[in-house]
Every structure is written in C-alpha cells, then in structure tokens.
Amino acid sequence: MPMFEESTYDVIVIGAGHAGCEAALASSRLGMRTCLFTINIDSIGHMSCNPAIGGLAKGHIVREIDALGGEMARAADYAGIQFRMLNLSKGPAVWALRAQEDRNLYKSYMRGCLENQPNLTIKQGIIERIIAEEGFVKGVINNLGVFYSASAVIVTTGTFLRGLMHIGLDQFVAGRAGEFASLGLSDSLAGLGIELGRLKTGTPPRLDAKSIDFDETEPQYGDDPPVPFSYSTGEIKNPQLPCFITYTNSQTHSIIKSNLDRSPLYGGIIKGIGPRYCPSIEDKVMRFSDKERHQVFLEPEGLNTREYYANGISTSLPYDIQLKIVRSIPGLHRAEIMRPAYAIEYDFVYPTQIKHTLETKKVQGLFLAGQINGTSGYEEAAGQGLMAGINAARKISGDEPVVLMRDEAYIGVLIDDLVTKGTLEPYRMFTSRAEHRLLLRHDNADVRLMSKGKEIGLLREDVYIEFLSRRQQVKEEIQRLNTLRVLPSQQINDALQGIGTSAISEAVTLAKLLKRPEVTYEFIRNLYPSDLSREVAKLVEIEVKYEGYIQKQLEMSQRMRKLESRKIPQDFKFKGIPGLSNEVVEKLQQIRPDNIGQAGRIPGITPAALSILLVAVERHCRERS
C-alpha cells in the first residue's frame, strides 16, 4: 500500500523520451492537468542513439507531427547542424528530410518547452506500479510508496523496462548508459494481464575528434540552403557541419570473426530479438560475408563538443575488441573511444494488445507509446506519443478519439501495422510499408493534417492561417497553369529543345507542358513569371506532374475507406461462422478488428475468409436492426 497520496492529475506520463515529451505536451495543451515522471530530469528529450532526426519515412513522420501541432520538428530545426533531403534522384513519394542534431541543444529546447508549458508538472522518480480497479486505471505508485491518482496513464518507457546492458560478457542493469532501469513496472503490467516480450538494440562507440584523421575520410555536406522540418521555421540559424564517411575492411572483418566467442549476441547470452534493418557490425559481417566493406558515418554530436558518433559499427563486443575494430578503419587508426558501444535488452508489450487509440484492451485509460510497443526510432516514438496524448485527453473530456487512417499519414500506417499485424522485432518505418505513399509525401503533410491539427486544438492559429494561404496559392497556380496556353514560336521551341524535349506545333497549356519529364516549374516560371516560394512551387510541380498517379491512389484509398466503414460490432462473435478455419477465428479473436478493412490486413486472413466475414457481419447487423 502507498504511504500517502500526494496529488491528483488528469493524465500521468511515465518516461520523458521522445514519446513522453509529445504525450505530455499534447495532453497539457488540450487542457489536461498532466504530470510527467522521469527517472532523470536532466535526460528529458535525450537522443540516446544517433544524433539525427528524420530519414526515409521517418522524416515524413516528423512533418506529420508538426502538421498536427506536435513539437519534434521545431526542436529538430532549433538544434539542427546539417540538413539533407534524401532520395532526390527518385520520385517525390520517397523524398525524405534528415538532419544531424546538436544533442544538448535538442535536450535544452525540449526541456524548456516542457517546463514552460501550462498544466504540466515534471517530477523525477521511478514509477513501480500502475493501479487499476475493475478494468479502469486509477493512478501510479513510485518507488517511495507515493500514490498519484489519474484518469489516464501513458507509459513511454523506451528501453528502460528491465533494461540490461551488454559489453562483451559483462552485464549491467540499466535503462541506457549511465541511467537506472525500471524494474518493477514490467511485473505491474504483467499483473494487469498484459503479455510482454523481449527485444534488443544497441549503439556504436563514440569517438574523440582530436584523434580522428579526417583527411582519410570523405566529407559529406548538407543542403544549402537547408530545408527545415517545421512549417513554422523561417530559417535554420545554426552553423552547418559536415559528416564524414569511411569504411570497414578485411582486417576489420577478421578481427570480428576471430572474437565471436566473446560476443554476447553470438554466445546466446542476449535473448532479445534485434532490429533487422539496423544490425550490429557482427551481424553485418556474418550475414553479408560477400561484402568487402561496410560504410561508417562519422556524425558530429554537436557544435560545442569533439564527440563523434560512429554510425555503422554498433556492437556488443568487449571494449578491447571495440578498440581494435575502430583502429582498423581508415581515418581511425589513432582514434580514442570516449564512450564504448553496447547492446541493451528490454521488455516490450506485444502491440496487438492495444487499440488504434493506443489504449490497452485490458485496462481502460492505460495508454502505451514508443518502444514499449515494439518500435525503434525517435520519430516512431514521438508520433505514437502525440497520438496517445491526444486520445488520453479526448477520452477524459468525452470526445471521439482521433485515429489516423493509412491514406492520411505514416503515423496511421505505423499504428495500424502494430495493432493489426503486431511485431516480434523492433519495428522501423519505411516508405515501402505505405500502399498510398504518393499521397503521403513529405511536401504535403500540411495539406493532409493541418485541418485535423486545428480541429483537435493543438495547431497554432498563426500556423493554420499561413497554411490556408499556402493552400490557396497552390490552388490558384494550378488553375493558372491549366488556363494559360503557350503558342508555338521559334523562341519557345528553341527553349524546349534546349532542355531535351520536343518542340510544340500547336497551342498547349502550361500544365500540359509541365507534365513532360524534362520540364520543371522553374522553366515554366521563366516563361510566365510567378512569385511563389520554393516550397509552394515544388508542391505545384508535383501535383501537376503526378496528377494521374495521384488520382489512381485516391481512387484506391476511397475503395479502402469503404471497407473501413464496414464496422464490426464490439460484441460480434467470430466463433461459429461457417467456412472460417480455426486459425482464422483465433486471429480474429486475438486482434478483434474494428472493421472489415482492418480484418483484411491481419496476416493469414485470405480474401475468401474476408468475404465470409463480411457476409456474417452484415447478417448480424440486419438481425440486430
């Protein structure tokens, strides 16, 4: 029993990583009295892995968070020290922004944002138990026996649940390097009937720049001018720094292969499943033995530190082997390790036990967000935290929950994948996971989500007004391009042939001209000037060039929406439906899909089984009416 009750809140958030920060900000901004608990206040918003935000599909999520009124994009712009738009040689659906971050600037921004937020209290402490009665959450108890009551609790514990660090054959109980693990909370969750599993992740060594020979590496510079994440950022003000690229070699690989007996990963000591798409250097060398070398990115940790993150050589090998590995790599022959690499195992909750709102199915008012749901990455965590904060607040206020659809946002794809398909390994977002990725572009997150952000109550009024102006500019410019016609002339045809496209023999609209692969909006603007910003001009160009493809994806998403609208009643019984196998019934009972569309995405549910289910649901609904 608790010693005493200190305070009553509407929402309690456990953990102040990227998910916790967004959850606490969202719930407090929506008027809920919120308390954020963290094991270490100095670690609020800490980037425990690589010093970067964004990347493939992840950059899309950051923009979506911004469009909904979250904070990650603004923090990333404030702390960004190199911005690069990736995949520009490919189609716009897979363009993605990535930024190197100054860790300390990012932390200080996020902590200041939280500390100055009305309705939000921050407390340092370890939460040991979640209290629930008759299926409803009631509050939490910390390690000092103090009870804090709340109508909703959001758990965002990252890698801290029974965290166990590995460096070689040495083990340390920790949530991450230098911080306590959370040991009691796993038992508390299990006591509530929630099933947990075990995952693993890791980091590479951090190096001292004074000991790196950068002349032996390849510099990689950012974009000039840098493109920000947030729609509200005018310009990036920090000095921009390069990264550096080097490679492993046969000597590196030989060192690793001859010391696998000292690897906890290969010795069977680590039981948790690691990330498929971010393997350790041991895994890379053994699984891809045909590769002569692997890329290593040397990433600056900030403007006022000499520490570099050696991205690409994550390992759990002993320190002496880490040093040999590092010093076998060009440019790193004299390198000094400032912080050793390590692997970490931690508990997670099988995410098929949560709803699309991120509320658990077992306990009302208990929400989970971030790595506890089996994801990896700051961005995936922040997106979940934002949605958990929104839905916890709306549950308390009696409003309908907010669930993003797969054709609305990568955040919607992420949550639907977790809830419907589950995961047995750290889940990472990719553009290939989205069937509507041409609709979910980096450049149109505002069009997709800002109206929803305004409706929810998180988006600032000035940001929304700017969005409306931007949207009107796009509409008017597309209308202009579809109206104005270019007449054939010597000057026009010379210009067209000069960029490698054919001459015109009759009048054509500017829009039709822009649809040609060789013609850019800048070419059109030179013929018929406009004063559009670079961002609006790019959006216009994409909308015009890809109009046919976009329309096809819109039609496909509308068909999907029809299936999503076929709701499955909460009391519907899957068992006993003629024609459904026991395996299908078991999966439907485990997931309990909300609608026919979700049911069709459950692994193992065939089109035939879906048709049978649809008929059964419609018959059930007719009989009830």
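So, here is what we can say about the structure in this document.

Analysis parameters
Residues numbered from 1 in each chain as written. Predicted model: local features only at pLDDT ≥ 70, side-chain atom pairs only at ≥ 80, totals over all residues. Heavy atoms only, no water. Core = buried A, V, L, I, M, F, W, Y, C linked by side-chain atoms within 4.5 Å. Buried < 20%, exposed > 50% of the residue type's maximum accessible area, 1.4 Å probe, protein only. Contact = heavy atoms within 4.5 Å. Pairing = 2+ DSSP bridges. Helix = DSSP H or I, 4+ residues; strand = E, 2+ residues; numbered from the N terminus. Axes fitted to C-alpha atoms, helices over the stretch in contact; angles between N-to-C directions. 1 Å grid on protein atoms, 1.4 Å probe; cavity = no way out; pocket = protein on both sides within 12 Å on 5 of 7 lines; lining within 4 Å. Points joined across faces, edges and corners; volume = space filled by probe spheres on them. Nonpolar A, V, L, I, M, F, W, Y, C, P; charged D, E, K, R; others polar. Parallel < 35°, antiparallel > 145°, perpendicular 65-115°, else oblique. Left-handed = near helix turned anticlockwise from the far one by under 90°. Phe/Tyr/Trp six-rings, centres within 6.5 Å; stacked < 30°, edge-to-face > 60°. Lys NZ or Arg CZ within 6 Å of the ring centre and 35° of its normal. Salt bridge = Lys/Arg side-chain N within 4 Å of Asp/Glu carboxyl O.

1. Structural notes on the nonpolar core
(1) Moving on: Counting residues in each nonpolar core, the largest one holds 103 residues, and the members touching the most others are Ile 12, Leu 114 and Ile 130.
(2) Moving on: Ignoring sequence-local partners within four residues, the contact set of Ile 130 consists of Ile 14, Val 137, Gly 139, Val 140, Val 155, Leu 185, Ser 188, Leu 189, Leu 192 and Leu 366.
(3) Moving on: Counting residues in hydrophobic clusters, the runner-up holds 23 residues, among them Ile 255, Tyr 308, Ile 313 and Ile 329.

2. As for the sheet that holds strand β12 (residues 196–203)
(1) Moving on: An order of β11-β10-β19-β12 is seen for the four strands of this open sheet, with the pairing classed as antiparallel. A single partner strand is all that each edge strand has here, and the edge strands are β11 (170–173) and β12. Averaged over all neighbouring strand pairs, the angle between strand axes comes to 25°, with direction disregarded.
(2) Moving on: In this sheet, strand β19 (residues 342–349) lies alongside β12 in antiparallel orientation, the contact comprising eight bridges. Looking at β19, one finds that Leu 199 is bridged to Tyr 346.

3. Considering the layout of surface pockets
(1) Moving on: When its volume is computed, the second largest pocket comes out at roughly 870 Å³.
(2) Moving on: Every residue lining the second largest pocket is counted, 34 residues in all, and those nearest its centre are Met 85, Val 227, Arg 534, Glu 535 and Lys 538.
(3) Moving on: Listed by contribution, the elements that provide at least two residues to the lining of the second largest pocket are α12 (461–483) and α16 (534–545).
(4) Moving on: With eight residues, the single largest contributor to the lining of the second largest pocket is α16.
(5) Moving on: Class assignment for the residues of the lining of the second largest pocket results in 14 nonpolar, seven polar and 13 charged.

4. Quick notes on the packing of helix α6 (residues 250–257) against helix α8 (residues 319–327)
(1) Moving on: Contact pair α6 / α8: the axes reach a minimum separation of 8 Å and the direction vectors enclose 165°. Here α6 is positioned roughly antiparallel relative to α8, judged by the angle of their axes. In this structure, the crossing between α6 and α8 has a hand that is left-handed. For the pair formed by α6 and α8, the contact residues are Thr 252, Ile 255 and Ile 256 on the first element and Ile 321, Lys 324 and Ile 325 on the second.
(2) Moving on: Classifying every residue of the contact of α6 with α8 by side-chain character gives four nonpolar, one polar and one charged.

5. Here we look at the environment of Val 615
(1) Moving on: As for its placement among the helices and strands, Val 615 is situated in helix α20 (residues 607–624).
(2) Moving on: Along the primary structure Val 615 and Ile 577 are separated by 38 residues, whereas in three dimensions their C-alpha atoms are 9.9 Å apart.

6. Focus: the packing of helix α3 (residues 72–79) against helix α4 (residues 103–115)
(1) Moving on: Remark: α3 packs on α4, axes separated minimally by 8 Å, with the N-to-C direction vectors making an angle of 135°. When the axes of α3 and α4 are compared, the pair comes out oblique. Crossing geometry of α3 relative to α4 is assigned as right-handed. Each of Met 72, Arg 74, Ala 75, Ala 76, Tyr 78 and Ala 79 in α3 lies in contact with α4, whose residues at this interface are Leu 105, Tyr 106, Ser 108, Tyr 109 and Met 110.
(2) Moving on: For the contact of α3 with α4, a count of residues per class yields nine nonpolar, one polar and one charged.

7. Section: the side chain of Arg 470
(1) Moving on: By the element assignment, Arg 470 lies in helix α12.
(2) Moving on: Look at Arg 470 and you get buried, because its relative accessible area is 11%.
(3) Moving on: Setting aside its immediate chain neighbours within four residues, Arg 470 contacts Tyr 231, Asp 446, Met 450 and Val 536.

8. Re the sheet that holds strand β14 (residues 218–220)
(1) Moving on: Overall, antiparallel pairing links the six strands, which are arranged β14-β15-β16-β17-β13-β18 in an open sheet. The sheet is open, and its two edges are formed by β14 and β18 (337–339), each paired on a single side. Ignoring strand direction, the axes of neighbouring strands in this sheet form an average angle of 35°.
(2) Moving on: For strand β13 (residues 206–208) and strand β17 (residues 307–311), the ladder comprises three bridges, and the chain directions are antiparallel. Residue pairing for β17: Arg 206 is matched across the bridge by Tyr 309.

9. Comments concerning the packing of aromatic side chains
(1) Moving on: Summed over the entire model, instances satisfying the criterion amount to 10 aromatic pairs.
(2) Moving on: Residues Phe 244 and Tyr 308 carry aromatic rings whose centres are separated by 6.5 Å and whose planes lie at 50° to one another, so their mutual orientation is tilted. Remark: Tyr 308 occurs in strand β17 and Phe 244 occurs in strand β15 (residues 243–247); sequence separation between them is 64 residues. One exposure class covers both Phe 244 and Tyr 308, and it is buried.
(3) Moving on: Ring centres of Phe 572 and Phe 574 lie 5.3 Å apart, and the angle between their planes is 75°; on these two criteria the pair is classed as edge-to-face.
(4) Moving on: What links up through ring pairs into an aromatic cluster is the set Phe 214, Phe 244 and Tyr 308.
(5) Moving on: Stacked on the ring of Tyr 231, the Lys or Arg Arg 63 has its end atom at 4.3 Å from the ring centre.
(6) Moving on: The ring centre of Tyr 247 lies 3.6 Å from the NZ or CZ of Arg 293, which sits over that ring.

10. Quick look at the pattern of salt bridges
(1) Moving on: One pass over the structure, following the stated rule, counts 44 salt bridges.
(2) Moving on: For Asp 66, the salt bridge is made with Arg 74, and the minimal N-O distance between the two is 3.8 Å.
(3) Moving on: Among the residues examined, Asp 66 registers a relative accessible area of 2% and is labelled buried.
(4) Moving on: Owing to a relative accessible area of 15%, Arg 74 belongs among the buried residues under this scheme.
(5) Moving on: Residue Arg 525 is joined to Glu 522 by a salt bridge in which the shortest nitrogen-to-oxygen separation is 3.0 Å. Taken together, the residues span about one helical turn, with Arg 525 and Glu 522 both in helix α15 (residues 521–527) at a distance of three residues.
(6) Moving on: Through salt bridges with shared partners, one network takes in Arg 406, Asp 416, Asp 417, Lys 421, Glu 435, Glu 564 and Arg 601.

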